[in-house]
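# Notes for the structure review
One-letter residues, chain by chain:
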Amino acid sequence: VHGDLISFYINLKLLRSKEQIQKGMSSRGEQICPHRIFDDFGQGFSLGSIAGCAFYFFKGMLNSPKKERFYGGIVHLKRRAPILGGSFALWAGLFSSTECVMTYMRGKEGAINMITAGFITGGVLAIRAGFRVAFRNALFGGIIMSMIALVEHGMITVSYTHLT
């Protein structure tokens, strides 16, 4: 079953025509970019909220008086977890939007789109702190995305060689 899923993923990535990618369509002919952006907003908010619930609950418990630890954790969770969820949603939505624009502009899907989207997202989100900080965050975003793309490429290559 695992090999079938990997081969399906590889075939899905390789069988998309240039016209389908320019129109933002998958190999099955469905639109992916506008819907994917909204999906990523929701997934980012969910991920950030769930991680924020765990983190801020324990942080609130640690900073509360001894007999009110559980209540302090709940109060801190209710205050801070939605803020972290919103931050995750903003990052995911901006990244996804930039990646869709890069895919449309280049006419093909690849690691360059993901790396460039990470670079632009990191820079845009930090622009209020000044050019130097924005450029540093942009480099960090690009480096992180290039490492993710490298791992993804290695996994696909290894899986593809095991299937043949």
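Another point: the packing of helix 5 (residues 111–125) against helix 6 (residues 131–163). Relative orientation of the contacting elements helix 5 and helix 6 amounts to 155 degrees, with a least axis distance of 7 Å. For the element pair helix 5 / helix 6, the angle class is roughly antiparallel. Along this stretch, helix 5 crosses helix 6, giving a crossing that reads as right-handed. Facing helix 5, whose interface residues are Ala111, Met114, Ile115, Gly118, Phe119, Gly122 and Gly123, helix 6 presents Ala134, Phe135, Asn137, Ala138, Leu139, Gly141, Gly142, Met145, Ser146, Ile148, Ala149 and Glu152. Tallied by class, residues from the contact of helix 5 with helix 6 come to 11 nonpolar, 7 polar and 1 charged.

Mean pLDDT for the chain: 83, with 80% of residues reaching 70 or above. The secondary structure element of the chain with the lowest average pLDDT is helix 1 (residues 2–14), at 52, and the one with the highest is helix 5, at 93.

Here the focus is the side chain of Glu99. By the secondary structure assignment, Glu99 is in helix 4 (residues 69–106). Excluding residues that lie within four positions of it along the chain, Glu99 makes contacts with Arg36, Asn113, Met114 and Ala117.

Taken as a whole and assessed by the stated rule, the structure comprises 1 salt bridge. Of the charged contacts in the structure, one is a salt bridge between Arg36 and Glu99, with a shortest N-O distance of 3.2 Å. With Arg36 in helix 3 (residues 33–62) and Glu99 in helix 4, this pair connects stretches of sequence that are 63 residues apart. Owing to a relative accessible area of 24%, Arg36 belongs among the partly exposed residues under this scheme. We classify Glu99 as buried; its relative accessible area is 15%.

Here the focus is helix 3. Given 3.6 residues per helical turn, the α-helix brings residues three or four places apart onto the same face. With 30 residues, helix 3 extends 43 Å from end C-alpha to end C-alpha; this agrees with the ideal 44 Å at 1.5 Å per step. Buried within helix 3 we find Cys33, Ile37, Gly44, Gly48, Ser49, Gly52, Tyr56, Phe57 and Gly60. Buried residues along helix 3 sit in contact with helix 4.

Rules used in this analysis
- Residues numbered from 1 in each chain as written.
- Predicted model: local features only at pLDDT ≥ 70, side-chain atom pairs only at ≥ 80, totals over all residues.
- Heavy atoms only, no water.
- Axes fitted to C-alpha atoms, helices over the stretch in contact; angles between N-to-C directions.
- Helix = DSSP H or I, 4+ residues; strand = E, 2+ residues; numbered from the N terminus.
- Parallel < 35°, antiparallel > 145°, perpendicular 65-115°, else oblique.
- Left-handed = near helix turned anticlockwise from the far one by under 90°.
- Contact = heavy atoms within 4.5 Å.
- Nonpolar A, V, L, I, M, F, W, Y, C, P; charged D, E, K, R; others polar.
- pLDDT = per-residue confidence, 0-100.
- Salt bridge = Lys/Arg side-chain N within 4 Å of Asp/Glu carboxyl O.
- Buried < 20%, exposed > 50% of the residue type's maximum accessible area, 1.4 Å probe, protein only.
- Expected span 1.5 Å × (residues − 1).

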